[in-house]
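Inside the fold
As a plain string of letters, each chain reads:
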Amino acid sequence: MAGRGNTVHNPPSSFDGFQQELVTLLPQLRAFARSLCGNREQADDLVQEAAVRAWSARSSFTPGTSMRAWTFTILRNTYFSDLRRQKRQDSLASEDVRDWVPPEQEGHIHIADVERALARLNADRRAALLLVTTGDFSYAEAAEICGCPIGTLRSRVSRARRDLEMMLDGTMPAEQK
């Protein structure tokens, strides 16, 4: 008998602030997840899983630190854990790679071409590039999220930019495609 004699206990007010901040971050998490996955449904599942993990671990969040960096770290770790667990690391990306053709018209880069090229990047490089460019994180924050030294992160971003440029202009060597 739902509703009879059952009382709903509201979480403490500190959890209300946590919940509000988590909800506010969802669009940014969704954009990052979409960039990582290249698939809207998979990205939504990833964001949902990361949000559940963040909510479950809310007692371990240190107030006064960056909740944005904390939740992006959870999302990134969830993504890489899923890749390892599923043993299908580039199943969606490999389908896109077979269909990807360099543009025939000089000077025209379409969003779909960029998305396919991003999907072809090494996952660590893609995550680093997206955190710094679209996630608007500093190199230090992105390095913390990725769990690597700042120099490593800078190298990943640099290599990702170089690889993207080469993919988009059709000069990527065949063995790297």
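Preceding block: the structure.
All values derive from a computational prediction rather than experimental measurement. Numbers given for residues are sequential positions, taken from 1 along each chain in its written order. Local features in a predicted model are, by the rule used here, given only for residues with pLDDT of at least 70; side-chain atom pairs are given and counted only at 80 or more, and totals for whole chains, interfaces and linings are based on all residues. Heavy atoms throughout the structure, all of them, feed into the side-chain values; hydrogens and water do not.

**Details of the side chain of Arg156**
This is how the line gets drawn: Numbering of helices and strands runs from the N terminus, with a helix taken as a DSSP run of H or I at least four residues long and a strand as a DSSP run of E at least two residues long. To sort residues, take the accessible area from a 1.4 Å probe on protein chains only and compare it with the maximum for the residue type: under 20% means buried, over 50% means exposed, and anything in between is partly exposed. As used throughout, the charge tally considers Lys and Arg to be positive and Asp and Glu to be negative, leaving His and the chain termini uncounted. Salt bridges are defined as contacts in which a side-chain nitrogen from Lys or Arg sits within 4 Å of a carboxyl oxygen from Asp or Glu.
With respect to the secondary-structure elements, Arg156 resides in helix α8 (residues 150-169). The side chain of Arg156 is buried and forms no salt bridge, while Asp124, the nearest opposite charge, is found at 4.2 Å.

**Details of helix α3 (residues 67-86)**
To be explicit about the condition: For a helix, the expected span equals 1.5 Å multiplied by the number of residues minus one.
Given a rise of 1.5 Å per residue, 20 residues ought to cover 28 Å, and the 28 Å separating the end C-alpha atoms of α3 matches this to within 8%. With 14 of its 20 residues buried, α3 lies for the most part within the structure.

**Quick look at the packing of helix α6 (residues 123-133) against helix α7 (residues 139-146)**
Rules: Note on definitions: angles span 0 to 180 degrees between N-to-C directions of axes, and those axes are lines fitted to C-alpha atoms, for helices only across the stretch in contact. For a crossing to be left-handed, the near helix must be turned anticlockwise from the far one by less than a right angle; the clockwise case is right-handed. In what follows, a contact means two residues having at least one pair of non-hydrogen atoms within 4.5 Å. Only Asp, Glu, Lys and Arg are considered charged, only Ala, Val, Leu, Ile, Met, Phe, Trp, Tyr, Cys and Pro nonpolar, and every remaining residue, Gly among them, polar.
One way to put it is that α6 packs onto α7 with a least axis distance of 9 Å and a crossing angle of 145 degrees. In this structure, the crossing between α6 and α7 has a hand that is right-handed. Note on element contacts: α7 touches α6 through Tyr139, Ala142, Ile145 and Cys146, opposite Ala128, Leu131 and Val132. Among the residues making up the contact of α6 with α7, the classes are represented as seven nonpolar, no polar and no charged.

**Observations regarding α7**
The line we're drawing: By construction, the arc corresponds to the directions joining the helix axis to the C-beta atoms.
Burial in α7 covers these residues: Ala142, Ala143, Ile145 and Cys146. Along the axis of α7, the buried residues cluster in a sector spanning 160 degrees; they form a single face. Those residues of α7 that are buried lie in contact with α3, α6 and α8. In the segment just after α7, Gly147 is the residue with positive phi, at about 70 degrees.

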